[in-house]
Amino acid sequence: MAQPNPLTTPPPGADTKLVPGHVEHTEAHSGAFPPFETSGFLAQLIWLALAFGLLYYLMDKIALPRIQSILHARAERLRADLDQAQAMKAEADAAGVAFETGLRDAQGKARDIAQTTRNTLAAEAETKRKALEAELNAKLVAAEATIRTRTEAAMGNVRSIAGEAASAIVERLTGQAPDRATLDRALDATAH
């Protein structure tokens, strides 16, 4: 057998009758829907006006000034932040322009310094080269003079050595030493 449901079954002693599919209350309702009853319109309108006036007064004196001060503070903070951002942007733009100008100036100075250094080093190298060439030319002239002097000395010695050798050869071949005048004539004839 089914147990009664406590949620849908009324407690004992309730003033309701159990009808399958329908619950009926014993007290009767009389009249229309309370807000539409014409006998209470004036009282309802007075309470509506008082509630509306009180709500309007509270909104006007408490809530709206607070909201207005919050909105005003927010607008001021936004304006200050925007002004600060604009100032920072202007500073950043100025710093960027200064950086670009400084960079161009530094690059120009670096090119000038490099060109000056290049010209100075080229001039120094040219001066050193000319000094070395002059020194080498002087040494070359001195060496050529030394060679000429030694060549002349050697040639002078060659004549005497050739004369001695020829004299020794003739003496060995003939057994007699040639006279000096004949030997000089023979050497003169071979030298030209």
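What counts, and where the lines are drawn
- As a convention, each chain's residues are numbered from 1 in the sequence order in which they are written.
- With the structure being a predicted model, the display of local features is reserved for residues of pLDDT at least 70 and the display and counting of side-chain atom pairs for 80 or more, all residues being used for whole-chain, interface and lining totals.
- Computation of side-chain values: all heavy atoms of the structure, hydrogens and water removed.
- Runs of E in the DSSP output that reach at least two residues are strands. Runs of H or I that reach at least four are helices, and both are numbered from the N terminus.
- Shrake-Rupley sampling with a 1.4 Å probe provides the accessible areas, and residues are treated as covered by the protein chains on show and by no other component.
- Residues enter a patch when their relative accessible area is above 30% and they make no salt bridge; the linking distance is 9 Å between like charges and 5 Å between nonpolar side chains (Val, Leu, Ile, Met, Phe, Trp, Tyr).
- For this document, the term salt bridge refers to a Lys or Arg side-chain nitrogen within 4 Å of an Asp or Glu carboxyl oxygen.
- UniProt positions are given in the numbering used here, feature names are shortened, and annotations may be inferred rather than shown by experiment.
- Type-normalised accessible area, obtained with a 1.4 Å probe on protein chains alone, sets the label of each residue: buried when under 20%, exposed when over 50%, and partly exposed for intermediate values.
- The reported bend at a residue is simply the angle between two axes, fitted to the 7 residues ending at it and to the 7 residues beginning with it.

Caption draft 1: Up close: the overall build of the protein chain. When helices and strands are counted, the protein chain shows two helices and two strands. Counted from the first residue to the last, the protein chain has its helices and strands arranged as β-β-α-α. Within the structure as shown, the protein chain displays about 17,100 Å² of accessible surface, and the carbon and sulfur contribution to it stands at 65%.

Caption draft 2: View of a nonpolar patch on the surface. On the surface, a cluster of nonpolar side chains totalling about 450 Å² of accessible area is made up of L55, M59, L64, I67 and L71. Along the chain, L64 falls in helix α1 (residues 41–174).

Caption draft 3: Layout of the UniProt feature "transmembrane region" (unreviewed entry) in the protein chain. What UniProt calls "transmembrane region" (unreviewed entry) maps, in this numbering, to residues 41–59. Overall, residues 41–59 shows 100% helix and 0% strand. The separation of its end C-alpha atoms is 26 Å.

Caption draft 4: Looking closely at the pattern of salt bridges. Summed over the entire model, instances satisfying the criterion amount to six salt bridges. Taking the shortest distance from any N to any O, the salt bridge between K61 and D60 comes out at 3.9 Å. D60 sits in the partly exposed class, given a relative accessible area of 35%. For E133, the salt bridge goes to R129, with nearest N and O atoms at 2.4 Å. Of the two residues, E133 and R129 are both situated in helix α1; the distance of four residues between them amounts to about one turn of the helix. In the salt-bridge network here, residues are joined through shared partners; they are E126, R129 and E133.

Caption draft 5: Geometry of α1. Along α1, the sharpest kink reaches roughly 45°, centred on M59. If you check which residues of α1 are buried, you get G108, G163 and S167. With its phi angle positive at about 90°, G175 sits one or two positions after the end of α1.

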